[in-house]
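Observations on the three-dimensional arrangement
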Amino acid sequence: MASLTLEHVDKVYPNGHAAARDLNLAVRHGELLVLVGPSGSGKSTILRLIAGLERPTSGRILIDDEDITDVPPERRDLAMVFQSYALYPHKTVRENLAFGLQVRRVAAAQIHERVQRVAATLGIESFLDRKPAQLSGGQRQRVALGRAIVREPKAFLLDEPLSNLDPSLRVDTRTELALLHRRLGATMVHVTHDQEEAMTLGTRVAVMRDGRLEQVGTPLEIFQRPGNVFVATFFGSPAMNVWRCRWTRTATGMRLTCPGLTFDLEGTRNLRLDQEEVLVGVRPHDISLAPRGDAEAVGRVDIVEPLGATTILHIRIDGASERAVRVVGPANGGPNVDGEVGIRIRRDRVYLFDERTGVAVTQS
Amino acid sequence: MRSEERLGWALSLPGLAVISAIAVFPIGWTAWESLHVHDLRMPWLGRPFVGLANYAEALSSPRFWDAMAHTAVFTAVTVTVELIGGLFLALIVDRISRGRDLVRTTVLLPWAIPTVVVALVWRFLFENPAGLVNAVLFRLGMSSPTWFADATAAWVPLMLADAWKMTPFVAVLLLAGLQSIDRSLYEAARIDGAGWGRQLTALTLPLLRPALLVAFIFRTLDAIRVFDVIYVMTGGGPGTATEPIALLTFSMLLQNLRFGFGAALSMIVFAVTFVLAVVFIRVLGRDALTGRVA
Amino acid sequence: MNVSRLLRVLGVVTVLAILLFPLYWMVTSSFTPEARIFGEPSVIPRTVVLDHYRALFGGRDFWRPIRNSLVVAGATTAVSVGLGVLCAYALARLQFRGKTVMLAFILGVSMFPQISIVSPLYLLLRELRLINTYPGLVLPYLTFAMPLTIWLLVGFFRQLPAELEEAALMDGAGRLRTLREIILPLAWPGLATAAILTFLYCWNEFLFALSFTLGPERYTVPVAIALFRGQYQVPWGEILAAAVVATLPVALLVLVAQRRIVAGLTAGAVKG
């Protein structure tokens, strides 16, 4: 298993579109790094750059500290699982799995043994002699994985491998992927646009937007200490509430005047804020419902979304009618539509972001 | 990837070399030849350079302008007939759900048959005095022109033969375009209250524009170069009444053996084709080639 | 509902009948004795004779032009597809400088009027002593066969998912191996289509065959038919019989491969 490094990598296309800008990323030996971001953020491009299917406009790519920027993909000894699986339609499953080994002139007996072993691990022995067209989507995905595993490559590159699966299958397969990673101890780079997938699978998560790395860290770090408002709102469902508020210093901290809501934040005397306004973020889970008397802000319930275990409430706060506040409430006994409701905010879970740059100032 | 570049060149060079040697080199040669007098019947004259004299002779020759006129008329009529007929045929075939294979085979046959055979069969049909057409006209009490001895009437079987052969080809092109139109668009139009005619003008024709343009371009460029059907059916006759420019060129080259003059005529044909092709692609065709609709 | 359906079917049958009638007339007339060929027309022939066919293969030795056509069309197709497939793959999938120019060039060449290159080709073939020989026809035929083949195959290769080749690359196979083991097995429908269409064009070709052959020993089928000469009058019976024979292989090809032919015609928007 190897480590992968990208140094100052740029990828600019002839039409001017920049898929990667001065990207620096280090994938550690044996970790599962998830590259996550919205469509067009450049995450698939990064994967293809590592694979060698695209060449960087500038910068270096290294495997185990060896510069492989000029090495063609067939000699990098990496394995890739494509979003569409890309199984060879005219070959049987067995032949699909064996192809990479045959190219490397592995002995036939060895090939047979390895193919059998991997097939057993993935539970695909029963259709080793069928062609891909005869398999279901989930089965094809396993074959695609098997083709990568059987080669015992330096690292695995997975391009949205779960995106084409039925939602019910997706969660199960996700767990299996995590188990597989633990068993193989392999270095894996996994690309996805699904933030839940990123959080659950990754040893570390790298968040991308518009060709730049926004933040790299463990899932918990990303969630609890987002580096900017983009990362903060990307992770967590329902998304974090973000308000534009004015602030003034108080004796012990600062007073935040937000639309429909004013509250004090202690222990923030030393914070440096450049603008007159600041972006305040609070996750729906960190807002609680309160009776009128205790509430810090009052409003009417616009929409009620029962999820079974919890309920998402969209509340229009008096004095702040443009956007509703998202709150996670109890499954039963919560307010109905148009009902009056009050909210309280957990002070220790308030995030502050620079109003102009979006960069996190601190969190309480 | 430099190795990919090298491989790309290595793989394509043989094919490219063959094409260049066999097509490009001759065109260059023809251009050069057109500036000389080169009469193979009079080899003692050598091959003197005469500049544009051949072109001047061509442009001042009434036979040349007749040939150009013949070609223009032939092109205009056949392309129009083929486009309309092809559209009609495609619309009909599109609506068939069963027996598609048989219909397709039938539709393709005229196109696949050698032009020589087409020309002969239609000559046979129109032959004086007792070809089928004349026999039928006689039965209906009408008199018939002496088709191939009449300068104007001779065009009828010629154009019919070309239309018969090529309308199916146009239909095949348009059919593919028709079948790529999303059916749900028609359903939406019907719900909106549009009748069959409305659907045709508002939906089908605009969406078919790329395919129509492609068919138009290819048929026009081909009609300008027409040779086979006229050579076999009328030989350009009576006299030179049905002679298109390609046939005139052929006569000069391989019957009169006036290679220099023939080369000039060849270049004129080439130039006309080239200019038209460029015009089409620039002015009309960019959308067609990229497949855009609007 | 049923009335309109009936009308539609009738319409289709009528159109098809009109399309096929000349062929039908050709076939029935070829079995009609010479004396009655221009006699009273009847839809169903009254007498059926094989005279014309016997004369065709007996006296006229029509096997020779058939053989010539088969050899020339076959050889041209083989060379064209063989060289063309490599060129087309490079143009469709590999990145190299000058690629777009090359594509435009090939498209441009396919628009050359044949008449414009007849004379230099004639002189060139005469120099190489290839007039009235098989290579003397195959070489000129390549001028339209190669662009046609390449154009068709480029369109076809582009339809294959790029990810298949990428997967093969990741598996460690070089470009050539990928071409051989992954692309070509999947490309054979496209190759078949290209071969069929190329063969058809070669079989039907007239101008070059007329210009570059000198006598009946090398005439191809179209030329042989066009130059039929009777002793006293035009031998329509034999001409029609020859026409039928010339049409048979084509008809068979269309019957067997009409789906492919349509796919090929529409994939590349080929010239007629």
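Since the structure is predicted, the reported quantities are computational estimates derived from the model, not experimental observations.

Moving on: the overall build of chain B. Along its length, chain B carries 12 helices and 0 strands. The N-to-C order of helical and strand elements in chain B reads α-α-α-α-α-α-α-α-α-α-α-α. Sorting the 294 residues of chain B into buried and exposed places 44% on the buried side. A sequence separation of at least 24 residues applies to 71% of the contacts in chain B between residues at least 6 apart.

In this section: the sheet that holds strand β1 (residues 4-12) of chain A. All names here are of chain A. On the basis of which strands lie adjacent, the open sheet formed by 4 strands has the order β2-β1-β4-β5 and antiparallel pairing. Only two strands of the sheet have a single partner each, and these edge strands are β2 (18-27) and β5 (66-67). Relative to β5, strand β4 (residues 58-63) runs antiparallel, the two being bridged by 2 bridges. Bridge pairing in β5 places Ile63 opposite Glu66.

With an omega of 0°, the peptide bond between Ser237 of chain A and Pro238 of chain A qualifies as cis. Here Pro238 of chain A shows up in the loop between α8 (229-234) and β11 (241-249). Even without being a glycine, Asp210 of chain A presents a positive backbone phi close to 50°. Inspection of the secondary structure assignment puts Asp210 of chain A in the loop between β9 (204-209) and β10 (212-217). You will see that Arg129 of chain C, though not glycine, has its phi angle at about 55°, which is positive. Within the secondary structure, Arg129 of chain C sits in the loop between α5 (114-127) and α6 (135-159). Judged by the 9 C-beta atoms lying within 10 Å of it, Arg129 of chain C falls in the exposed class.

On to the nonpolar core. Counting 165 residues, the largest nonpolar core has Leu120 and Leu174 of chain B together with Ala88, Ile225 and Ala243 of chain C as the members making the most contacts within it. Counting 106 residues, the second-largest nonpolar core is a separate cluster that includes Tyr85, Leu101 and Val207 of chain A together with Ile182 of chain C.

Take the interface of chain C and chain B next. Listed by partner, the interface residues are 73 residues for chain C and 78 residues for chain B. Looking at the side of chain C that touches chain B element by element, the count peaks at 15 residues for helix α11 (residues 236-268) of chain C. The residue makeup of the side of chain C that touches chain B, split by class, is 56 nonpolar, 13 polar and 4 charged.

Across chain B, the average pLDDT comes to 83, with 95% of residues at 70 or higher. Contacts of residues 287-294 of chain B to residues separated by more than four positions or lying in other chains number 10 contacts, the stretch itself having pLDDT below 50.

As a further point, take the interface of chain A and chain C. Between chain A and chain C, the contact holds 17 residues from the first and 15 residues from the second. Taken together, the elements giving at least two residues each to the side of chain A that touches chain C come down to β6 (78-81) and α2 (93-103) of chain A. Classifying every residue of the side of chain A that touches chain C gives 12 nonpolar, 3 polar and 2 charged.

As a further point, take the sheet that holds strand β3 (residues 32-36) of chain A. Residue and element names in this part refer to chain A. Strand order in this open sheet of 6 strands is β6-β7-β8-β3-β9-β10, and the pairing throughout is mixed. Lying at the two open borders of the sheet, with one neighbouring strand each, are β6 and β10. Between one strand axis and the next, the sheet turns through 20° on average, direction left out of account. Pairing analysis gives 4 bridges linking β6 to strand β7 (residues 155-159), with the strands arranged parallel. From the neighbouring strand, Val81 faces β7, where its bridge partner is Leu158.

Turning our eyes to something else, we now look at helix α7 (residues 155-179) of chain B. An α-helical segment advances 3.6 residues per turn. Residues three or four places apart therefore align on the same side. The end-to-end C-alpha distance of α7 of chain B is 35 Å, a good match for the 36 Å that 25 residues give at a rise of 1.5 Å each. At Met166 of chain B, α7 of chain B shows its largest kink, close to 30°, and the proline Pro168 of chain B lies no more than four residues downstream.

Thresholds, definitions, all that
- Residues numbered from 1 in each chain as written.
- Chains lettered and ligands numbered in written order.
- Predicted model: local features only at pLDDT ≥ 70, side-chain atom pairs only at ≥ 80, totals over all residues.
- Helix = DSSP H or I, 4+ residues; strand = E, 2+ residues; numbered from the N terminus.
- Buried ≥ 20, exposed ≤ 12 C-beta atoms within 10 Å, placed from the backbone.
- Contact = placed C-beta atoms within 7 Å.
- Pairing = 2+ DSSP bridges.
- Core = buried A, V, L, I, M, F, W, Y, C linked by C-beta atoms within 7 Å.
- Nonpolar A, V, L, I, M, F, W, Y, C, P; charged D, E, K, R; others polar.
- pLDDT = per-residue confidence, 0-100.
- Axes fitted to C-alpha atoms, helices over the stretch in contact; angles between N-to-C directions.
- Expected span 1.5 Å × (residues − 1).
- Bend = angle between axes of the 7 residues up to and from the residue.

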